[in-house]
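# Topology and contacts: notes
Next come the chains, spelled out residue by residue.
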Amino acid sequence: MAGNANGDMDPELAALLGTAGSGNGPLPDFNDIFGEKNKEDFADISSTSGSEVDLSASGFPQITKRLEEKGHNNFNDPNYYKTALSNETEIAQRVHSILQKYLTSKDPKDRSVFRQQFISPYWEFLFNIARKSTTRLPPAKKYLLRFALLHPAFLSTENREFFSKVVDNNVLDQPVYYMDEWFNAVGTSKMRPSTTDEIKISKSNTQSKLQQLLEKAQGKFDGSRSILKAKDRERHEIERILRDRINSIFERIPLPELSDVSDCFSEGQKMAINEVQNFLKQLMKNDHDLGISIRDFVSAEGDVQNLQDKLAAEGGAVTVDLGAIDTECDTIRQMAKMTIGRQGNHFPVLTSEYFHCVPNEVATRENIIAMLARIESIDKEAFCRIYKNRLNRIAPYVLLIPTYGDMGFCWEPFDRYNRATSRGRIVIPMYPRNLYLAVLTAVADLRWQVAKEKASFYWMEEGLTGNYYQWFQANKLKGDIKEYFIRDYILWMTKEAEGIQKLEKDVRGTFWRHMPFTQEVKERLKTRNLVYQELYQRDQNRAMSDGY
């Protein structure tokens, strides 16, 4: 924290706030701090790319740089705190006043009261800044949203240097967002707000209905386009294999006794002839599916164009007003509470008193991408969804919230208007005690919700959720079944993946079948003991019977 051992304030902060270290002096005049408009050069908003889904991507990019070699100087700015609070109406004055009382109070009970009083005004103040995130924010306001860094003096010199080296922009083009980037994407309509209710739309009711119909049509169009591309890639792959097989059949091997006469087909060539027949059947099936996909795509494209024309005739596309950001603000505060839990530390500002993470345990964008890649290297289908019998890899949106929480979670498994190719949404606290466990809880939640939505009304009977539910009921367990699943998923990824048996036999069998490890992990586990060897052999038997 910004105080010393005897409870007095840091001299630098005391001078800034205009207080004596004892805390007995009068409050400074608010106008002295916020009387002038900030004249700092505004920094450009970071790129919020990563929204487009690339179904051809097979994994996350390799992280070659987690931090910049040289940090920026924004945290050395003596006007940082002033800039962060300036031009934010009277709520900033209230935040400043309560913070001052909290920092200078020596009575633990009073500090606890002021600490609690600080939380609600701070969030209101934060959302004032969020409403401006569609424009360029000064660095102090950007890092306040991004890291909850209200004053650099609240951190040690070492920690300030670390945060100054965090990579600012989304150079890896992945759907991982800091809070300032998230608000910008929602406010500029690059991303739909994280709500289950319909978005409040300005303009007429007719336009609202047309806009909602357009979103549904766009979702259908995106899905049909991705399937069409996948079928086209499948056709090219079948044609490539056919070419190779036919070329191998046409290879002639001369007889040793008579060089101008070719020998009979080899065993390999005979096998290739049989395979050609199978691949020709696959090619005809692909052609049939491709024709259906083309018709679906053309129809969806026509629907989108038709609705766009109707919207234009009504006066143009509907624009989401500031109510969208306000709704997102309320949603994100709810998300923040969920990452922390009822008994956790809800203090909303980054301070050395509560920040104890080592660099690799802070949820920076690069650390999160590395951990998602680590999860995918064990659970190969962690970010996959089946649509029309095709397995698509779709990495979720990830929102990084600057809280001291320990739990990540899934907010939405996918967009309600586009089940085919839309991204799910997971939320990760930035300052947990164990970052890998926080990410695992979010991925486990995503896994459960996607499987449950896929099974629909039959989620208690079919697939991953059905098998797990039946085990849950058979063992007469009580409580939230999803919490049990998340706990078991963490054991699956941290213990069972290393050959340490921690799950019950039935759960292990369900996970092995419905959440398979990568082949590399399976090959390693089958040599550990008979339990995994038996599961591996079941895979082989299913593959041979074509029923896997």
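No experiment lies behind these values; they were computed from the predicted model shown.

## Digging into the overall build of the protein
When helices and strands are counted, the protein shows 18 helices and 6 strands. Across the 548 residues in the protein, those meeting the buried criterion constitute 47%. Counting only contacts in the protein whose residues sit at least 6 apart along the sequence, the fraction spanning at least 24 positions is 76%. Split by element, the accessible area of the protein, about 27900 Å² in all, is 49% carbon and sulfur.

## Some points on the sheet that holds strand β5 (residues 409-412)
Here we have 4 strands laid out as an open sheet, ordered β1-β4-β6-β5, and mixed in their pairing. With partners counted over all chains shown, the strands left at the sheet margins are β1 (176-178) and β5, one partner each. Taking each pair of neighbouring strands and ignoring which way they run, the sheet shows an average axis angle of 30 degrees. As defined by bridge partners, β1 adjoins strand β4 (residues 397-401) across 3 bridges and the pair is classed as parallel. Opposite tyrosine 178, over in β4, you have leucine 400 as the bridge partner. In the packing of helix α13 (residues 435-455) onto the sheet, contacts are made with β5 and β6 (425-429), and the angle to β6 comes to roughly 160 degrees.

## Points about helix α14 (residues 463-474)
For α14, spanning 12 residues, the distance from its first C-alpha to its last is 17 Å, which sits close to the expected 16 Å at 1.5 Å a residue. Taken together, the buried positions of α14 are occupied by Leu464, Thr465, Gly466, Tyr468, Trp471 and Phe472. Residues of α14 that are buried make contact with α13, α15 (481-494) and α16 (505-514).

## Digging into the layout of surface pockets
Approximately 760 Å³ is the volume attributed to the second largest pocket. Around the second largest pocket sit 29 residues that line it, and Glu381, Ile386, Arg447, Lys454 and His514 are the ones nearest its centre. Here the lining of the second largest pocket gets 7 residues from one element, more than from any other, and that element is α13. In terms of residue class, the lining of the second largest pocket is made up of 17 nonpolar, 4 polar and 8 charged.

## Side note on the environment of aspartate 168
Relative to the elements of secondary structure, aspartate 168 occurs in the loop between α7 (157-164) and β1. Exposure remark for aspartate 168: the relative accessible area of 21% places this residue in the partly exposed category. A polar side-chain atom of aspartate 168 sits 3.1 Å from a polar atom in the side chain of tyrosine 143.

## Notes on the packing of α13 against α14
Remark: α13 packs on α14, axes separated minimally by 7 Å, with the N-to-C direction vectors making an angle of 100 degrees. By the criterion of interaxial angle, the relationship of α13 to α14 is roughly perpendicular. Here Trp448, Ala451, Lys452 and Ala455 of α13 come into contact with α14, specifically with Leu464, Thr465 and Tyr468. Of the residues in the contact of α13 with α14, the class split is 5 nonpolar, 1 polar and 1 charged.

## Describing the packing of helix α5 (residues 108-130) against helix α6 (residues 139-147)
Put simply, α5 and α6 touch, their axes get as near as 10 Å, and they point 125 degrees apart. The pairing of α5 with α6 is recorded here as oblique in orientation. Viewed along their axes, α5 and α6 form a crossing whose handedness is left-handed. Residues Tyr122, Phe125, Leu126, Ile129 and Ala130 of α5 lie in contact with α6, whose contacting residues are Lys141, Leu144 and Leu145. Split into classes, the residues belonging to the contact of α5 with α6 amount to 7 nonpolar, no polar and 1 charged.

## Here we look at the environment of lysine 231
Mapped onto the elements of the fold, lysine 231 is located in helix α9 (residues 205-249). For lysine 231 and leucine 290, which are 59 residues apart along the polypeptide, the C-alpha to C-alpha distance reads 6.0 Å. Beyond its immediate sequence surroundings of up to four residues, lysine 231 is in contact with Asn286, Asp289, Leu290 and Ser293.

## Details of the packing of aromatic side chains
What the rule picks out here adds up to 37 aromatic pairs. Measuring from ring centre to ring centre gives 5.5 Å for tryptophan 123 and phenylalanine 127, while their planes differ by 50 degrees; the resulting arrangement is tilted. Taken together, the positions of tryptophan 123 and phenylalanine 127, both in helix α5 and 4 residues apart, correspond to about one turn of that helix. In this structure, tryptophan 123 and phenylalanine 127 share a single accessibility class: buried. Here tyrosine 404 and tyrosine 431 contribute two aromatic rings whose centre-to-centre distance is 5.9 Å and whose plane-to-plane angle is 45 degrees, an arrangement assigned as tilted. Of this pair, tyrosine 404 sits in the loop between β4 and β5 while tyrosine 431 sits in the loop between β6 and α13, placing them 27 residues apart in sequence. Like tyrosine 404, the residue tyrosine 431 is buried in the burial classification. A cation over an aromatic ring shows up here: arginine 111 above the ring of tyrosine 102, its NZ or CZ 4.5 Å from the ring centre. Its end group placed over the ring of tyrosine 436, arginine 374 keeps NZ or CZ at 3.6 Å from the ring centre.

## Here's the deal with the confidence of the model for the protein
With 86% of its residues at a pLDDT of 70 or more, the protein shows a mean pLDDT of 84. In this model, residues 18-30 is a region of pLDDT below 50 whose contacts with residues beyond four sequence positions or in other chains number 19 contacts. Throughout residues 35-48 the model reports pLDDT below 50, and contacts reaching past four residues in sequence, or to other chains, amount to 39 contacts.

## As for the pattern of salt bridges
Taken as a whole and judged by the stated rule, the model has 30 salt bridges. With a closest N to O distance of 2.6 Å, arginine 433 and aspartate 406 form a salt bridge. Pair noted here: arginine 433 is in the loop between β6 and α13 and aspartate 406 is in the loop between β4 and β5, with a separation of 27 residues, a long-range link. Residue aspartate 406 is classed as partly exposed on the basis of its relative accessible area, which comes to 24%. Between aspartate 445 and lysine 482 there is a salt bridge, with the nearest N and O atoms lying 3.1 Å from each other. Pair noted here: aspartate 445 is in helix α13 and lysine 482 is in helix α15, with a separation of 37 residues, a long-range link. Judged by its relative accessible area of 24%, lysine 482 falls in the partly exposed class. In this structure, a network of salt bridges that share partners links the residues Lys142, Arg146, Asp168, Asp180, Glu181 and Arg365.

## Considerations on the environment of glycine 187
As for its position among the elements, glycine 187 is in helix α8 (residues 179-187). A relative accessible area of 23% places glycine 187 in the partly exposed class. Along the chain, glycine 187 and aspartate 326 lie 139 residues apart, while their C-alpha atoms are 9.6 Å from each other. Those residues in contact with glycine 187, other than ones at most four positions away along the chain, are Thr134 and Ile325.

Definitions and cut-offs
Residues numbered from 1 in each chain as written. Predicted model: local features only at pLDDT ≥ 70, side-chain atom pairs only at ≥ 80, totals over all residues. Heavy atoms only, no water. Helix = DSSP H or I, 4+ residues; strand = E, 2+ residues; numbered from the N terminus. Buried < 20%, exposed > 50% of the residue type's maximum accessible area, 1.4 Å probe, protein only. Contact = heavy atoms within 4.5 Å. Areas by Shrake-Rupley, 256 points an atom, 1.4 Å probe, with all protein chains shown as cover. Pairing = 2+ DSSP bridges. Axes fitted to C-alpha atoms, helices over the stretch in contact; angles between N-to-C directions. Expected span 1.5 Å × (residues − 1). 1 Å grid on protein atoms, 1.4 Å probe; cavity = no way out; pocket = protein on both sides within 12 Å on 5 of 7 lines; lining within 4 Å. Points joined across faces, edges and corners; volume = space filled by probe spheres on them. Nonpolar A, V, L, I, M, F, W, Y, C, P; charged D, E, K, R; others polar. Polar contact = N/O pair within 3.5 Å; in protein donor to acceptor, adjacent residues only side chain to side chain. Parallel < 35°, antiparallel > 145°, perpendicular 65-115°, else oblique. Left-handed = near helix turned anticlockwise from the far one by under 90°. Phe/Tyr/Trp six-rings, centres within 6.5 Å; stacked < 30°, edge-to-face > 60°. Lys NZ or Arg CZ within 6 Å of the ring centre and 35° of its normal. pLDDT = per-residue confidence, 0-100. Salt bridge = Lys/Arg side-chain N within 4 Å of Asp/Glu carboxyl O.

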